[in-house]
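# Architecture and fold: a report
Below are the chains, spelled out letter by letter.
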Amino acid sequence: MDLSVPDSGTSTPLVTRREIALVLAWALVVAGLTALPYVWAVQRAPAQMQFQGFIWGVDEGNVYLAWTRQAAEGRVLLRNQYTTLPQNARFFNVFLLALGRITALTGQHPAIIFHAARLVGGVALLASIYLLAAFVTRSVAARWATLCLASLGSGLGWLAAMWAQSRPEYLPPPLTPPDYAPPPPHAWQVMPEAVTFLSLLLNPLFVWSMALMCLVLLAAAVTVERRSLGWAALAGVLLLAVGNVHTYDVFVLDAAIGVYFLLMVLMGRAQLGQAALRFAVIFAIGLPAPLWAWWTARVDPSYLQKIMTKTLSPPPLRHAGSYARAAAGFRVLASCCRHHVLRTPSTTTWVFRIQSIPFLYALLQRLRSDGPVNAKGSSPSAMRRISSITRIMA
């Protein structure tokens, strides 16, 4: 399949080779930045301690390593080794199986493969973001503004980190970003996927699933432009991969693609019957992944208990408030766009510059926190053990 866009009756490449080379160079630099805290932690660990490779979500990271080790030993259906509940293991994840296979072939420790996958996945994610931006706008300046914002932007979350140092009883909505969970009693779920750099910094599962999500959206958009069932099938295969790697992302993608197709129909860019057919193809190909997860939950009590674990999110109003600035920025962006061509890239660049600050807040936030609550509900004792090393880095 030729990834090109029609332009005055001819097909032009979506991006040039020079663009891709520069994007990959940028992605390698950003990936290198994410390695610095780990290198520093290894070097600064006290003689009586050993840095285990995680600066966030210690318990969650060790679960991934346990699954990787099982896959390296030849298992295909993975077990939860951190429970005494009865199991009928049916957990199947191609990403973890790939990490396990690489671990077995190289003989390296699973943690090394884990972080190597994180670095490579970071490059893949940033390249995917650029490709998606390239489909939206022909302006190279706007594409780079998008890439830089996604790579290093972090909004105003650093204010939450500073405010929480005094452990106030109340954090107002602008200071409750979804990527930050302050110390108790503010025990809500932190979502590092809300900020791209945090995902690049922390976990390969995040970056690879996000890269696949970008490619799903790109393939779905090209499906409309080219009126192609082949691209719809490709989008479905990518959606199936997302569903296997990070299952609940499927529902967000299905909704986003459905709304996009409907908008294209309303704008006269696609016919209703053809759009419905292509959406059905994408949906049907991606459906086995959530169905497998549903079946696994029915036959494996341990897996069911895991997915039924309650993880608190910020109240809806606070969550909405944390995205209010981004929504305002996107409204300005929409007013600058027409027919997929950004007419005022400099305006858009400055809009997002005002809303975001350099990525260093993300590092300081993680390294200075006395005990953030992660999606798995880390115990304070576990977080104290890791913070004893990470505080050295602050």
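Scroll up for the structure.
Structural notes, computed from the coordinates. Keep in mind that this is a model prediction, so the values were computed, not measured.

Reading guide: rules and limits
- Residues numbered from 1 in each chain as written.
- Predicted model: local features only at pLDDT ≥ 70, side-chain atom pairs only at ≥ 80, totals over all residues.
- Heavy atoms only, no water.
- Helix = DSSP H or I, 4+ residues; strand = E, 2+ residues; numbered from the N terminus.
- Contact = heavy atoms within 4.5 Å.
- Core = buried A, V, L, I, M, F, W, Y, C linked by side-chain atoms within 4.5 Å.
- Buried < 20%, exposed > 50% of the residue type's maximum accessible area, 1.4 Å probe, protein only.
- Salt bridge = Lys/Arg side-chain N within 4 Å of Asp/Glu carboxyl O.
- Expected span 1.5 Å × (residues − 1).
- Bend = angle between axes of the 7 residues up to and from the residue.

## Re the environment of Ala-270
Relative to the helices and strands, Ala-270 resides in the loop between helix H10 (249-266) and helix H11 (272-286). Between the alpha carbons of Ala-270 and Glu-225 there is a distance of 8.4 Å; along the sequence they are 45 residues apart. Here Ala-270 is in contact with Val-224, Met-264, Val-265 and Ala-275, once residues within four sequence places are set aside.

## A few points about the nonpolar core
With 56 residues, the main nonpolar core has Leu-125, Leu-126, Leu-200, Leu-201, Val-216, Phe-261 and Ile-282 as its most contacted residues. Every element with two or more residues in this core is listed here: helix H1 (17-44), helix H4 (110-136), helix H5 (140-152), helix H7 (196-202), helix H8 (204-226), helix H9 (229-245), H10 and H11. With 14 residues, H8 is the largest single contributor of residues to this core. Those residues in contact with Phe-261, other than ones at most four positions away along the chain, are Ala-220, Thr-223, Val-224, Ala-275, Arg-278, Phe-279 and Ile-282. Tyr-64, Leu-65, Ala-71 and Ala-293 belong to the second largest nonpolar core, which has 22 residues in total.

## Some points on unusual backbone geometry
Here the phi dihedral of Arg-227 falls at roughly 50 degrees; this positive angle occurs in a residue that is not glycine. Along the chain, the position of Arg-227 falls in the loop between H8 and H9.

## Regarding the pattern of salt bridges
Tallied over the full model, the rule gives 2 salt bridges. Glu-19 serves as the salt-bridge partner of Arg-143, at 2.9 Å between the closest nitrogen and oxygen. With a gap of 124 residues between them, Arg-143 in helix H5 and Glu-19 in helix H1 connect regions that are remote in the sequence. Each member of the pair, Arg-143 as well as Glu-19, carries the same accessibility label: buried.

## As for H1
For H1, spanning 28 residues, the distance from its first C-alpha to its last is 41 Å, which sits close to the expected 40 Å at 1.5 Å a residue. Largest kink in H1: about 30 degrees, centred on Ala-35, with the proline Pro-37 one to four residues after it. Of all the residues in H1, the buried ones are Glu-19, Val-23, Ala-27, Val-30, Ala-31, Thr-34, Pro-37, Tyr-38 and Ala-41.

## Concerning the environment of Gly-107
Looking at where Gly-107 falls in the secondary structure, it is placed in the loop between helix H3 (94-106) and H4. Owing to a relative accessible area of 63%, Gly-107 belongs among the exposed residues under this scheme. Along the primary structure Gly-107 and Ala-72 are separated by 35 residues, whereas in three dimensions their C-alpha atoms are 9.4 Å apart.

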